[in-house]
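# Coordinates in review
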Amino acid sequence: GPPEIDIGDDEQIDNLEFEIPEYGENTVDESDAYILMDKRLPDHTVSYSVNPSNKEGISESAVINEIKSSFDTWDSHTSKDLFVENVETTTKNGFEQDGVNNLSFGQLDKESAVALTRVWHDGDTITEFDIVFNSSMEYGVDPDGEGPETISEFDLQAIATHEIGHVVGLKD
């Protein structure tokens, strides 16, 4: 089946500077290096849907804005747009290979995971992805981008940016 990728409870996430290796480039096994999954997005912009419903009380518009900002972060650090500009909304939750790239909140089998990304592929091309943010965790919106100084929950945008890294073909 498709790989499930999660981040550790105490992993620090810095979504300010990314260096994305070229597809197929070997990276060294160092703590600051990216390791590729040998899978990549198709050659066209990819659409996605967001189910903004959450138990944290974060407004639906804030959830959509944080997630869109995460996708925009990846687009701004590549030579072409990877993702469509328009964000669709949905009521779908969880992982389902249904032709729709979806992000939602929900219960995860691995309770300690902050979020999980599931990627489906055909050969070396990613054909679909779903990201689920663990609804057992507390998420928030970082008002000033300062991270732990101003937010005590998991920063939704930072977690989404990390998980989208898996969508573009990066392992942890």
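In short, a report on the structure. What you see is a predicted model; the values in this text were computed from it and never measured.

How each quantity is defined
- Residues numbered from 1 in each chain as written.
- Predicted model: local features only at pLDDT ≥ 70, side-chain atom pairs only at ≥ 80, totals over all residues.
- Heavy atoms only, no water.
- Buried < 20%, exposed > 50% of the residue type's maximum accessible area, 1.4 Å probe, protein only.
- Helix = DSSP H or I, 4+ residues; strand = E, 2+ residues; numbered from the N terminus.
- Pairing = 2+ DSSP bridges.
- Phe/Tyr/Trp six-rings, centres within 6.5 Å; stacked < 30°, edge-to-face > 60°.
- Lys NZ or Arg CZ within 6 Å of the ring centre and 35° of its normal.

Turning our attention to the pairing of strand 5 (residues 102-106). Most of strand 5 sits out of view: five of its five residues are buried. Here strand 5 shows two buried faces, one formed by N102, S104 and G106 and the other by L103 and F105. Here strand 5 pairs with strand 7 (residues 125-134) via five bridges, running parallel. Of the residues in strand 7, the one forming a bridge with S104 is V132.

Our next topic: the pairing of strand 6 (residues 115-122). On any regular strand, side chains alternate: one points to one face of the sheet, the next to the other face. Across the eight residues of strand 6, six count as buried, placing the element largely inside the fold. Looking at chain direction, strand 6 and strand 7 are connected through eight bridges and run antiparallel. Along strand 7, the bridge assignment pairs T117 with I131.

Let us look at the packing of aromatic side chains. Within the structure shown, the criterion is met by eight aromatic pairs. When the centroid spacing of 4.6 Å and the interplanar angle of 70° are considered together, the rings of F71 and F83 count as edge-to-face. Taken together, the residues span a long stretch of sequence, with F71 in helix 1 (residues 60-76) and F83 in the loop between helix 1 and strand 4 (88-89) at a distance of 12 residues. A ring pair is formed by Y139 and F154, whose centres lie 6.3 Å apart and whose planes are at 45°; its orientation type is tilted. With Y139 in strand 8 (residues 139-140) and F154 in strand 9 (residues 154-155), this pair connects stretches of sequence that are 15 residues apart. An aromatic cluster is present here, built from Y48, F71, F83 and F129 joined pairwise through their rings. A cation sits over an aromatic face here: R118 above F95, 4.6 Å from the ring centre.

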